[in-house]
Structure formats: structure tokens, C-alpha cells
Amino acid sequence: KSIQMLSVQPDTKPKGCAGCNRKIKDRYLLKALDKYWHEDCLKCACCDCRLGEVGSTLYTKANLILCRRDYLRLFGVTGNCAACSKLIPAFEMVMRAKENVYHLDCFACQLCNQRFCVGDKFFLKNNMILCQTDYEEGLMKEGYAPQVR
């Protein structure tokens, strides 16, 4: 849902705030969810951030008004981990390899379970993540040794 910041015209009748029910006598007001709000009254139900300051959108679910971050943290989903098949919550850090998404703990060689650090070389073969050693051993078994130049 969108948030609009409007300038209050001095000659108009003050509008009531949907958050505190008091009249809005400030210079600016927010319009969201077809209602008017003081800038201080339109806040995220979780983190209490002022939604007019964090962007032009808000999210609602289960009678809560939320910022994007908290909405995704509570209700969002990024998909399933390609290694363990379990759900990955939207707020969680992930690793990606082509179209596959992994929990950080699951991003490891699927043969020897060696975990990868940032900058480590890994290989994706038949949709499996492999470390360099297991990838090269697999190539040797297939009768093809990588060329070293």
C-alpha cells in the first residue's frame, strides 16, 4: 500500500488522525489506507519506525501495519533450500548458485560436507555443489582430467 505525504492547507478543516484520533494541525500529514495520519502516528507495529520516513509503502497483514523489513521477516518466504529442501525465511541470508538458493549452513560440498567461505571456489555439477577436489576427482573418474595451463 502506498503512503502519500500531503501539505496541509491552512484554510481547510483539520482532519482526524487514524492513529491517535486527534486533529492534525501539523504542516504535513500522511495519507495511507484511505485514512489520514500524523507523521508520528503511522508506525510499524514491530519496530516502531516512522513509515513516512522509511519509504513510500507499507504492508498490512493480520491487522498489523508493518514496514517492508518486518513484513518480510514475519510473513515472507524466499523459497526452499536446494540442499535440505526446507523453507528459507525471507529475512535470512542465503547463498545462490545459478537458480538454486541455500541456507548459509547448507552451502557446502555435497560429497565431503566441506563448508565454503567467501571467495572459495565451488562447482555446480548435475545440480550438486562440489568443492574443487571432489569436482576434479569426478572428472578423472569420467576419464577427463582438467587441463592445467
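- As recorded by an unreviewed UniProt entry, the protein chain carries the name LIM domain only protein 3 and is attributed to Gasterosteus aculeatus aculeatus.

### Digging into the pattern of salt bridges
Alright, step 1. Evaluation of the coordinates by the stated rule reveals five salt bridges.
Alright, step 2. Glu53 serves as the salt-bridge partner of Arg50, at 2.9 Å between the closest nitrogen and oxygen.
Alright, step 3. A salt bridge links Arg69 to Asp70; the nearest nitrogen and oxygen atoms lie 4.0 Å apart.
Alright, step 4. Residue class for Asp70 comes out buried when judged on its relative accessible area of 2%.

### Observations regarding the UniProt feature "domain: LIM zinc-binding" (unreviewed entry) in the protein chain
Alright, step 1. Taken from the UniProt record, the annotation "domain: LIM zinc-binding" (unreviewed entry) applies to residues 15-77 and 79-141.
Alright, step 2. Note that residues 79-141 is 16% helix and 33% strand, and that its end C-alpha atoms are spaced 34 Å apart.

### Some details on the side chain of Asn100
Alright, step 1. Within the element layout of this structure, Asn100 appears in strand E9 (residues 100-103).
Alright, step 2. Here Asn100 falls in the buried class, since its relative accessible area comes to 8%.
Alright, step 3. Separated by 3.2 Å, the side chains of Asn100 and Tyr102 make a polar contact.
Alright, step 4. At 2.9 Å, the side chain of Asn100 and the side chain of Asn127 are in polar contact.
Alright, step 5. If we ignore the near neighbours within four places in the chain, the residues touching Asn100 are Ala82, Met95, Leu124 and Asn127.

Cut-offs applied
- Residues numbered from 1 in each chain as written.
- Predicted model: local features only at pLDDT ≥ 70, side-chain atom pairs only at ≥ 80, totals over all residues.
- Heavy atoms only, no water.
- Salt bridge = Lys/Arg side-chain N within 4 Å of Asp/Glu carboxyl O.
- Buried < 20%, exposed > 50% of the residue type's maximum accessible area, 1.4 Å probe, protein only.
- UniProt positions renumbered as here; feature names shortened; annotations may be inferred.
- Helix = DSSP H or I, 4+ residues; strand = E, 2+ residues; numbered from the N terminus.
- Polar contact = N/O pair within 3.5 Å; in protein donor to acceptor, adjacent residues only side chain to side chain.
- Contact = heavy atoms within 4.5 Å.

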